[in-house]
Amino acid sequence: MSLSNDNDGQAISSYPHNVVVVLLDSLNRHLLGAYGSREFATPNLDRLAARSTVFTRHYSGSLPCIPARHDILCGALDFLWKPWGSIEVWEEPITRQLARAGVTTALITDHPHLFESGGENFHTDFGAWEYLRGHESDPWKTRADPSWIGTPALPAAPAVPAKQYDTSRTWFYGEEDFPGPRTMGAAARWLASQRPATERFLMFVDEFDPHEPFDTPEPWASLYDPLWKGPRLIWPPYSKATISSGVLSEREADHIRANYGAKLSMIDYWIGKVLDVMDSENLWTTTAFILCSDHGHYLGERDLFGKPLAPIFDELGHVPLMISWPGVEPCNIDALTTSVDLHATLSEVFGVSAHHRTHGRSLVPLLRGSAVAVRDYLLTGYWGREVFLVYDNYKYGRAPADDNFPLSMWSNRWSTMPRPGSPHDLLPPPDRRSYLDYMPGATSPVIRQPFEPGDKMPFHAYNVEPGAHVLYNLRDDPGEIRNLAGGPGLSPIEQEAVEALRAALVEIEAPGDQLVRLGLERPPKP
């Protein structure tokens, strides 16, 4: 299996002069008007889609939040080597390359994980950055505003375990004080008054909405559930069998879904402020505009909520991508694409290249119409869980063959996803079993920590059902209802999927223990 790549050799001057990237966290493709949904109002995203190339087969690569940003800013899949963490010493983000090329870069964000251990160096190479405080786990305020009653922050059930947001939200005195509106307002102001007069620029807006908490002021709060009485449920559970096991009632589940929709519609309204500046400053003729996401968010589909320890169905992993490209008429593109391809696209637009191993394929040939495909397959997943291969019309998810071992973590910046409700629940440091290894193509050594049964590990690696492989024909079964994997022996189509996944992992030089863990290779002899 090969990856095709097409570059028609046009001069650098034929590329957009600038790029705006807007990343909306937890943006559900299947709930957007541009992708056929009418459940929630998204007029400004629809407005953007009407002038864009809309990609219909775009998928997450590494999940969740920080690994996805690593895919985009560094261009290398993260999830086969580590669960969550900072940019490593053997790699550099595209922002550092752009600085050397004289491109102005700016980050506008309210994403708290970018300023926590495990994500703390993603912002540092931007030429300018602005952090709008107060979202989710951001340690912004330590006491509630005693005068908050009567402000737009409506009564809401607190998070369990407690999160800083429940205190911070009391300091929002108007809709414009909520983190999402403040972020989009700052982005609009940067475009209007801070962008370079002549030099090239990249503005990267990393907006945490519509990620939970699903908290909005009126009129958004009652837009989709006007009959709800009592404190609002703004914190969704991360759960399987959510209604069937009594985690939520059907009424509560509907209310949480409505609150997601309210937040989606609110942030859509504020995205319109950025689009207005693109209009008023006539930037569409010189500037590419990319709208993307890291992953979706289950809202009751399959009785799942949040991002629980479960396989990646399309509601979570099949994500939106819209690109408005100067001179290109709006259209839909059905080519297979993934998050690392955005890094490759930005690299081509600005004429830079990474010195570390990357996995992306530029989307420029698709946008120009000089190619109908840039890749034959993509890999996606969480570290320590099922590994998914999307190819042709199929999606194959391979679970561990036995007890989810062997498994190792590769990192020189030892961290994983912070858990604010469990401040003492930290990842143990590397121990005497660790040793130095080398990432594919790298000359700097990396600490490689093997794990064994009974070890404390990053939590995504727990509760993975051995042998629970899935295989879906996405063309004939887009709802992923009929699992073609399993049964006595391997069917020809499942055998093909197994071989295709093995070949894909070998091609990117994935760790050997991943292939052993998944039952694709036998363990080496002692």
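Rules behind the numbers
Residues numbered from 1 in each chain as written. Predicted model: local features only at pLDDT ≥ 70, side-chain atom pairs only at ≥ 80, totals over all residues. Heavy atoms only, no water. Helix = DSSP H or I, 4+ residues; strand = E, 2+ residues; numbered from the N terminus. Rg over C-alpha atoms; globule rule 2.2 N^0.38 Å. Contact = heavy atoms within 4.5 Å. Core = buried A, V, L, I, M, F, W, Y, C linked by side-chain atoms within 4.5 Å. Buried < 20%, exposed > 50% of the residue type's maximum accessible area, 1.4 Å probe, protein only. pLDDT = per-residue confidence, 0-100. Axes fitted to C-alpha atoms, helices over the stretch in contact; angles between N-to-C directions. Parallel < 35°, antiparallel > 145°, perpendicular 65-115°, else oblique. Left-handed = near helix turned anticlockwise from the far one by under 90°. Nonpolar A, V, L, I, M, F, W, Y, C, P; charged D, E, K, R; others polar. Salt bridge = Lys/Arg side-chain N within 4 Å of Asp/Glu carboxyl O. 1 Å grid on protein atoms, 1.4 Å probe; cavity = no way out; pocket = protein on both sides within 12 Å on 5 of 7 lines; lining within 4 Å. Points joined across faces, edges and corners; volume = space filled by probe spheres on them. Pairing = 2+ DSSP bridges. Phe/Tyr/Trp six-rings, centres within 6.5 Å; stacked < 30°, edge-to-face > 60°. Lys NZ or Arg CZ within 6 Å of the ring centre and 35° of its normal.

Enquirer: Can you break down the overall build of the protein residue by residue, with the values?
Expert: Scanning the protein from terminus to terminus reveals eleven helices and 17 strands. Rg of the C-alpha trace for the protein: 22 Å, near the compact-globule value of 24 Å for 526 residues, within the 12% margin. Based on the C-alpha atoms only, the size of the protein along its principal axes is roughly 65 × 60 × 50 Å. Sequence-distant contacts in the protein: of pairs separated by 6 or more residues, those separated by 24 or more amount to 74%.

Enquirer: Pulling in residues and values, what's your account of the nonpolar core?
Expert: Formed by 49 residues in total, the largest nonpolar core has its most connected members in L24, M184, L191 and F289. Breaking this core down by element, the ones donating at least two residues are β1 (18-24), α1 (43-49), β3 (104-109), α5 (179-194), β5 (201-207), α6 (250-280) and β6 (287-292). In terms of residues, this core owes the most to one element, α6, which gives 13 residues. Ranked by size, the runner-up nonpolar core spans 40 residues in total, among them V21, L107, W325 and L363.

Enquirer: A description of the confidence of the model for the protein should follow, citing residues and the corresponding values.
Expert: Here the protein shows a mean pLDDT of 94. Residues at 70 or above account for 96%. Under a pLDDT of 50 for its full length, residues 1-12 has, in the predicted model, 33 contacts with residues more than four places off or in other chains.

Enquirer: Describe in detail the packing of helix α2 (residues 65-74) against helix α8 (residues 340-350), supporting the description with residues and values.
Expert: Direction vectors running N to C along α2 and α8 enclose 25°, while the axes themselves pass 6 Å from each other. The angle between α2 and α8 places the two elements in the roughly parallel class. As α2 runs across α8, the sense of the crossing is right-handed. Packed against α2, whose contacting residues are D71, I72, L73 and C74, the element α8 presents V340, L342 and H343 at the interface. For the contact of α2 with α8, the class distribution of residues is five nonpolar, one polar and one charged.

Enquirer: How would you sum up α2? Please name residues and give values.
Expert: The buried fraction of α2 is high, at ten of ten residues. Among the residues of α2, C65, I66, P67, A68, R69, H70, D71, I72, L73 and C74 are the ones counted as buried. Turning to α2, the residues buried within the fold contact β1, α3 (94-100), β5, β6 and α8.

Enquirer: Account for the pattern of salt bridges, naming residues and giving values.
Expert: Here the structure, examined in full by the defined rule, presents 33 salt bridges. The salt bridge partner of E136 is K163, with a shortest N-O separation of 3.4 Å. In this pair, E136 sits in the loop between β4 (128-131) and α4 (165-168) while K163 sits in the loop between β4 and α4, placing the two residues 27 residues apart along the sequence. A salt bridge links R433 to D455; the shortest N-O distance between them is 2.9 Å. On the criterion of sequence distance, the pair formed by R433 in the loop between β14 (407-410) and β15 (435-438) and D455 in the loop between β16 (445-451) and β17 (470-473) is long-range, its members being 22 residues apart. A residue is classified by how much of its surface remains accessible, and R433, at 28% relative accessible area, is partly exposed. Here the salt bridges do not stand alone but share partners, grouping R302, D314, E315, K395 and E480 into one network.

Enquirer: Go over the packing of α5 against α6 with me, naming the residues and quoting the values.
Expert: It is at 9 Å that the axes of α5 and α6 come closest, and there the two elements cross at 5°. The orientation of α5 with respect to α6, classified from their angle, is roughly parallel. Here G180, P181, M184, A187, A188, L191 and A192 of α5 lie close against α6, whose contacting residues are M266, I267, W270, I271, K273, V274, V277 and M278. Residue composition of the contact of α5 with α6, by class: 13 nonpolar, one polar and one charged.

Enquirer: Kindly report on empty space enclosed by the protein, identifying the contributing residues and their values.
Expert: A complete count under the given rule lists three cavities of 30 Å³ or more for this structure. In this structure, the largest cavity spans a volume of roughly 50 Å³.

Enquirer: Residues and numbers for the sheet that holds strand β10 (residues 331-338), please.
Expert: Pairing is mixed across the open sheet formed by eight strands, whose spatial order is β4-β3-β5-β1-β6-β9-β2-β10. Sheet topology places β4 and β10 at the edges, where each strand pairs with a single neighbour. Within the sheet, the average angular offset between the axes of one strand and its neighbour, ignoring direction, is 15°. Relative to strand β9 (residues 321-324), strand β2 (residues 53-59) is paired through three bridges, and the arrangement is antiparallel. Along β9, the bridge assignment pairs T53 with I323. Those strands touched by α2 are β1, β5 and β6, and its axis lies near 175° from that of β5. In the packing of α8 onto the sheet, contacts are made with β1, β5, β6, β9 and β10, and the angle to β1 comes to roughly 165°.

Enquirer: Could you give an account of the environment of H255, with specific residues and numbers?
Expert: Secondary-structure assignment places H255 in helix α6. Under the relative-accessibility criterion, H255 is labelled buried at 0%. The spacing of H255 and S353 is 98 residues in sequence and 47 Å in space, taken between C-alpha atoms. Apart from residues lying up to four places away in sequence, H255 is in contact with D225, W228, R232 and L233.

Enquirer: An account of the packing of aromatic side chains is requested, with residue identities and associated values reported.
Expert: Considering all chains together, one arrives at 16 aromatic pairs under this definition. When the centroid spacing of 6.0 Å and the interplanar angle of 75° are considered together, the rings of W383 and F451 count as edge-to-face. With W383 in the loop between β11 (377-381) and β12 (387-391) and F451 in strand β16, the pair connects residues that are 68 residues apart, well separated along the chain. When sorted by exposure, W383 lands in the same class as F451, which is buried. Over the ring of W284 we find R51; its NZ or CZ atom is 4.0 Å from the centre of that ring. Over the ring of W140 we find K141; its NZ or CZ atom is 4.7 Å from the centre of that ring.

Enquirer: Quick one: what's the story with the sheet that holds β16, residue by residue and with numbers?
Expert: Spatially, three strands are ordered β14-β16-β15 in an open sheet, and the strand pairing comes out antiparallel. Each of the sheet's edge strands pairs with one partner strand only, and the pair in question is β14 and β15. In this sheet, neighbouring strand axes are inclined to one another by 45° on average, regardless of whether the strands run parallel or antiparallel. By the bridge criterion, four bridges tie β14 to β16 in an arrangement that is antiparallel. Paired with M409 across the bridge in β16 is Q449.

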